[in-house]
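Each chain, written out:
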Amino acid sequence: MSKNTIVVVDYGAGNLSSVQNVLRHFGADFIVTSRPEDVGRGSALIFPGDGEAAASMGELRRTGLDEALRAFHASGKKFLGICIGCQVIFSHSDERDTSCLGILPGDVRRFPRMPGLKVPHMGWNAVDFRVRHPVFEGLPQGSSFYFIHSYYPVPRVPAHAAAVTEYGETFVSAVADRNLVAVQFHPEKSGLVGLRLISNFLAWDGCWENGGGAVDA
Amino acid sequence: MLEKRVVVCLDVKDGRTTKGIRFKDNADVGDPVEMARRYYEEGVDELVFYDITASAERRKIRIDTVRRVAEQVFIPFSVGGGISSREEMREVLLAGAEKVSVNSAAVRSPGIITDGASLYGSQCIVLGMDAKRDPSMPCGYRVVIDGGRTPTDLDALAWARKAEELGAGEIVLNSIDADGTREGYETTLTRIISEAVGVPVVASGGAGRPEHLLRVFTDGRADAALVASMVHYGEYSVGDIKGFLRSNGIPVRLT
């Protein structure tokens, strides 16, 4: 493992081949690992996955990856969460009443049951960025990304909401705090804008402060 | 707002696309990977591969195709056609497909839907359903299998509800009556099913003009629409179709 190696965390939550294909496309140096001792050795971390919160947290605890993820985040190195990796970083998920990693304060809630609103939220939807961030550089406001999920994060700190999307209601579709960015959509399956987001993450130095300035719509 | 998806379907046999006329000037005529990449670049939202290979080599060929598509095409795609075991589902998903589609096998043993959903999540498991008009059925449509050759006792609406309950995360609904006519989707059938289930419904069969997609998205309440020959034969590009939909007030992703 070199000093620029990206660690992709494998905890049995779905399929990692899409993320790997994108990293290969960019010629990135990466490893896929489920060993906590490998996690800290990377220069950047990608925490992907789709699946279910309780099963994911169970597996993270069983393997000790939960502590490794918290430690990696605390080290200040850049961290990208995707889909379920944008949910279990919060304190708690309503999905089977699951206590989560608590890296950011907040909850994960289900879309409301209402007529005409199909759940899961599946398909392409517009993302409105609320902050300027190096990882979102060059992405037009309202770019469409591919979503597939039934739950979404509700950060307790409003400044952590980095982007929002409409589906029955307005929900937070990306969060950002210092060295962490997490997205509810799948950039690895979102065509050119998704590739751009991932290449931005690869190029990012991992430093960011929320300047409080909103992005012009 | 969630956008309506335009999905291109590629029929693959022995690792080659069976309707490749549009790209006949291309050295890679009929190569599903090449076609997938072209549609991806045109802005298609999703791809569906139906593998109609009959040879003993089919699994190996299929996995190789799926892997090559996944390396170059960074949008979701699903794979169907004769998938009848958990092991086949696993192979296809691990090779890089987002979803697997089950059709006749799910009618014969519905447990495959539940198995797939509990192992890989409902979002990965698509029910492919072929329905044929039949006034003697409660909803007016009967489920047929084996590519339309074998009628079943199932009512299309009852089967759609049952499949959702078993864990299917999406339904690709193909009308045997409309399929190949290029005269428009079976809008009534699509609406009956789409309004009755809580999972997305992809309309299939009958697309010939962009107006047909407009109609199935509005009157038919479809979440996505599948097209094949209208783009394969070069009459329309994915961009033409989406531009038409957008100008008629349908939310679609433009790239």
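### Considering the overall build of chain B
Scanning chain B from terminus to terminus reveals 10 helices and 11 strands. The C-alpha radius of gyration of chain B comes to 17 Å, within 12% of the 18 Å expected for a compact globule of 255 residues. Once the C-alpha set of chain B is aligned to its principal axes, its extents read approximately 50 × 45 × 35 Å. When each of the 255 residues of chain B is scored for burial, the buried share is 53%. Here the analysis covers contacts within chain B between residues at least 6 apart in sequence; of these, 64% occur between residues at least 24 apart.

### Digging into the overall build of chain A
Across its full length, chain A holds five helices and 13 strands. Its C-alpha radius of gyration of 16 Å places chain A within 12% of the 17 Å reference for a compact globule of 217 residues. Each of the three principal axes of chain A carries a C-alpha extent, and together these read 50 × 40 × 30 Å. Counting the 217 residues in chain A, one finds 53% classified as buried.

### Regarding the sheet that holds strand β1 (residues 6-9) of chain A
Neighbouring strands of a sheet are bound in pairs by backbone hydrogen bonds; such pairs are parallel or else antiparallel. Residues and elements named next belong to chain A. What the nine strands build is an open sheet, ordered β2-β1-β3-β4-β13-β12-β11-β8-β9; its pairing is mixed. Here the strands that pair on one side only, and so sit at the sheet edges, are β2 (30-33) and β9 (143-149). Averaged over all adjacent pairs, the angle separating strand axes in this sheet is 25°, with direction ignored. Where strand β8 (residues 121-129) and β9 come together, seven bridges link them in antiparallel fashion. Paired with Val127 across the strands is Ser143, a residue of β9.

### As for the packing of helix α3 (residues 86-94) of chain B against helix α5 (residues 111-120) of chain B
Residue and element names in this part refer to chain B. Their axes nearest at 10 Å, the elements α3 and α5 cross at an angle of 40°. In terms of axis orientation, α3 runs oblique to α5. For the pair α3 and α5, the sense of crossing is right-handed. Contacts between α3 and α5 pair Arg86, Met89 and Leu93 from the former with Asp115, Gly116, Leu119 and Tyr120 from the latter. Class assignment for the residues of the contact of α3 with α5 results in four nonpolar, one polar and two charged.

### Comments concerning the pairing of strand β11 (residues 224-227) of chain B
Residues and elements named next belong to chain B. Here β11 shows two buried faces, one formed by Ala224 and Leu226 and the other by Ala225 and Val227. Relative to β11, strand β1 (residues 5-13) is paired through four bridges, and the arrangement is parallel. Bridge pairing in β11 links Val7 to Leu226. Bridging between strand β10 (residues 201-204) and β11 involves two bridges; their strand directions are parallel. When the bridges of β11 are listed, Ala203 appears paired with Ala225. Handedness of the β-α-β unit built from β10, helix α8 (residues 210-218) and β11 comes out right-handed.

### Some thoughts on the packing of α8(B) against helix α10 (residues 238-247) of chain B
Residue and element names in this part refer to chain B. Put simply, α8 and α10 touch, their axes get as near as 9 Å, and they point 50° apart. When the axis of α8 is compared with that of α10, the two are oblique. As for how α8 packs across α10, the hand of that crossing is right-handed. The segment α8 lies against α10, with Pro210, Leu213 and Leu214 engaging Asp240, Ile241, Phe244 and Leu245. Grouping the constituent residues of the contact of α8 with α10 by class yields six nonpolar, no polar and one charged.

### As for the interface of chain B and chain A
Opposite the 25 residues of chain B that make contact, chain A presents 27 residues. Elements with a contribution of two residues or more to the side of chain B that touches chain A: α2 (58-72) and α3 of chain B. Across the side of chain B that touches chain A, the residue classes tally to 11 nonpolar, six polar and eight charged.

### A look at the nonpolar core
Residue and element names in this part refer to chain B. Counting residues in each nonpolar core, the largest one holds 151 residues, and the members touching the most others are Leu47, Val100, Ile171, Val202 and Ala225. Top element by residues in this core is β1. It accounts for six residues. Those residues in contact with Val202 that lie beyond four places of it in its chain are Val7, Glu170, Ile171, Val172, Leu173, Ala222, Asp223, Ala224, Ala225 and Leu226.

### Here we look at the environment of A:Val135
All names here are of chain A. By secondary structure assignment, the location of Val135 is in the loop between β8 and β9. On the neighbour-count criterion, Val135 (24 C-beta atoms within 10 Å) is buried. On a C-alpha basis, the gap between Val135 and Ser150 in space is 25 Å, while along the polypeptide they are 15 residues apart. Setting aside residues up to four positions removed in sequence, Val135 forms contacts with Val181, Leu197, Asn200, Phe201 and Trp204.

### Details of the confidence of the model for chain B
Chain-level pLDDT for chain B is 91 on average; 95% of the residues reach the 70-or-more range. What the predictor reports for the complex is a pTM of 0.92 with an ipTM of 0.90.

### What to know about helix α1 (residues 32-42) of chain B
All names here are of chain B. Looking only at α1, the buried set comprises Pro32, Val33, Met35, Ala36, Tyr39 and Tyr40. Seen along its axis, α1 keeps its buried residues to an arc of 160°; they face one direction. Tucked inside the fold, the buried residues of α1 contact β1, β2 (16-17), β3 (46-51), α2 and α10. Looking one or two places after α1, you find Gly43, whose phi comes out positive at around 100°.

Rules used in this analysis
Residues numbered from 1 in each chain as written. Chains lettered and ligands numbered in written order. Predicted model: local features only at pLDDT ≥ 70, side-chain atom pairs only at ≥ 80, totals over all residues. Helix = DSSP H or I, 4+ residues; strand = E, 2+ residues; numbered from the N terminus. Rg over C-alpha atoms; globule rule 2.2 N^0.38 Å. Buried ≥ 20, exposed ≤ 12 C-beta atoms within 10 Å, placed from the backbone. Contact = placed C-beta atoms within 7 Å. Pairing = 2+ DSSP bridges. Axes fitted to C-alpha atoms, helices over the stretch in contact; angles between N-to-C directions. Parallel < 35°, antiparallel > 145°, perpendicular 65-115°, else oblique. Left-handed = near helix turned anticlockwise from the far one by under 90°. Nonpolar A, V, L, I, M, F, W, Y, C, P; charged D, E, K, R; others polar. Right-handed = clockwise from strand over helix to strand, strands pointing away. Core = buried A, V, L, I, M, F, W, Y, C linked by C-beta atoms within 7 Å. pLDDT = per-residue confidence, 0-100. Arc of directions from axis to C-beta.

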